[in-house]
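Per-entry structural report
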Amino acid sequence: MCNHYAKCRYPIQLKTKKVAQLTDEKLMTRVKNGNLDSLSPLFEKYHVKLFNFFLRLTRNKAVSQDLTQNVFRRIISYRASYDPQQRFRTWMYQIARNVHIDHVNQNNLLISDYAEPAQFAFEQTSALEDMDQTNRKKALYEALSMLSHEQREILELSKFQGLKYKEIAHITGNSVTAIKVKVHRAINKLREHYFETV
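Only a predicted model underlies this, so the values are computations on that prediction, with no experimental measurement involved.

When helices and strands are counted, the protein shows ten helices and zero strands. The linear arrangement of helices and strands in the protein, starting from the amino end, is α-α-α-α-α-α-α-α-α-α. A buried classification covers 35% of the 198 residues belonging to the protein. A fraction of 66% describes how many contacts in the protein between residues 6 or more apart in sequence connect residues 24 or more apart.

This part takes up the nonpolar core. Met28, Val71, Ile75, Phe88, Met92 and Tyr93 are the most contacted members of the largest nonpolar core, which totals 31 residues. Listed in part, the nine residues of the second largest apolar core include Tyr141, Leu144, Leu155 and Leu190.

This next bit is on the pattern of salt bridges. By the definition in use, this model includes eight salt bridges. When the shortest N-O distance is used, the salt bridge between Glu150 and Lys182 registers 2.7 Å. Placement of Glu150 in helix 8 (residues 149–160) and of Lys182 in helix 10 (residues 176–197) is noted, with a sequence separation of 32 residues between them. Here the salt bridges do not stand alone but share partners, grouping Arg87, Arg89 and Glu167 into one network.

In this section: the environment of Lys137. Among the structural elements, Lys137 can be located in helix 7 (residues 127–146). The exposure class of Lys137 is buried, given its relative accessible area of 17%. In this structure, the C-alpha to C-alpha distance between Lys137 and Tyr194, residues 57 residues apart in sequence, is 9.9 Å.

Glancing now at helix 3 (residues 24–32). For helix 3, the set of buried residues is Asp24, Leu27, Met28 and Val31. The arc that holds every buried residue of helix 3, seen down its axis, measures 95°, which confines them to one face. Looking one or two residues past helix 3, Gly34 carries a phi angle of roughly 105°, positive in sign.

Now for the packing of helix 5 (residues 61–77) against helix 6 (residues 88–106). As a packed pair, helix 5 and helix 6 sit with axes 9 Å apart at the nearest point and diverge in direction by 125°. Comparing their axes, helix 6 and helix 5 come out oblique. Along this stretch, helix 5 crosses helix 6, giving a crossing that reads as right-handed. Contacts between helix 5 and helix 6 involve Val63, Leu67, Asn70, Val71, Arg74 and Ile75 from the first element and Phe88, Trp91, Met92, Ile95, Ala96, Asn98, Val99, His100, Asp102 and His103 from the second. Each residue belonging to the contact of helix 5 with helix 6 can be placed in one class, and the counts come to ten nonpolar, four polar and two charged.

Further remarks concern the environment of Arg73. Mapping Arg73 onto the fold places it in helix 5. Overall, the relative accessible area of 46% leaves Arg73 in the partly exposed class. Engagement of the side chain of Arg73 in a polar contact is seen with the side chain of Asn70, the distance being 2.4 Å.

Let us now look at the side chain of Thr90. One can find Thr90 in helix 6. Looking at Thr90, the relative accessible area reads 4%, which means it is buried. Side-chain polar atoms of Thr90 contact the side chain of Glu167, separated by 3.0 Å. Setting aside anything within four residues of it in sequence, one finds Thr90 in contact with Glu167, His170 and Ile171.

For the protein, per-residue confidence averages 82 on the pLDDT scale, and 77% of positions sit at 70 or higher. Across the protein, the secondary-structure element scoring lowest on mean pLDDT is helix 1 (residues 5–9), at 43, and the one scoring highest is helix 5, at 96. This model gives residues 1–17 a pLDDT under 50, and the stretch forms four contacts once residues within four places in sequence are excluded. Note on residues 110–125: pLDDT under 50 across the span, and 32 contacts to partners over four residues away in sequence or across chains.

What counts, and at which threshold
- Residues numbered from 1 in each chain as written.
- Predicted model: local features only at pLDDT ≥ 70, side-chain atom pairs only at ≥ 80, totals over all residues.
- Heavy atoms only, no water.
- Helix = DSSP H or I, 4+ residues; strand = E, 2+ residues; numbered from the N terminus.
- Buried < 20%, exposed > 50% of the residue type's maximum accessible area, 1.4 Å probe, protein only.
- Contact = heavy atoms within 4.5 Å.
- Core = buried A, V, L, I, M, F, W, Y, C linked by side-chain atoms within 4.5 Å.
- Salt bridge = Lys/Arg side-chain N within 4 Å of Asp/Glu carboxyl O.
- Arc of directions from axis to C-beta.
- Axes fitted to C-alpha atoms, helices over the stretch in contact; angles between N-to-C directions.
- Parallel < 35°, antiparallel > 145°, perpendicular 65-115°, else oblique.
- Left-handed = near helix turned anticlockwise from the far one by under 90°.
- Nonpolar A, V, L, I, M, F, W, Y, C, P; charged D, E, K, R; others polar.
- Polar contact = N/O pair within 3.5 Å; in protein donor to acceptor, adjacent residues only side chain to side chain.
- pLDDT = per-residue confidence, 0-100.

Below you can see the structure in the form of structure tokens.
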């Protein structure tokens, strides 16, 4: 019989708890060193965010699922290139951006099956408020689709994914100042398109 009851009875829970306490960067360092199981918590944390990122850019659920899987395949393939001094999230979105660019270059015509990003949840309201809200969302998505690819991507990274300007600058290869200007211009253009459609 084991003297350390908790360790003997619940070894998997203790191990899982230890892994959950690790930062993204430490988990990715483990993946880089060959422990591919350490990618699982990163997948759980980021796969919905990546799916929504791609869904807003492609407006196609099936394509978004494929692109999300491609990001994690590339993370495994390019794990040796990960720099532990760099934030994992920034490195991952850089890969995601490249996956999307490759997809756009390979597919000129995309068919949309877009409905709504998976994380959106709205409170119950009256039927009139629902219709008004639906019309505003439709106008917003239409306005977003009228933006250039670069403007949609910048807004997606900054507003929907919550990345800092410094991270976006690293991902896109621009300066922080340039990113601030691009976000400002994209928001103004979005506002302009939105009020044209309402």
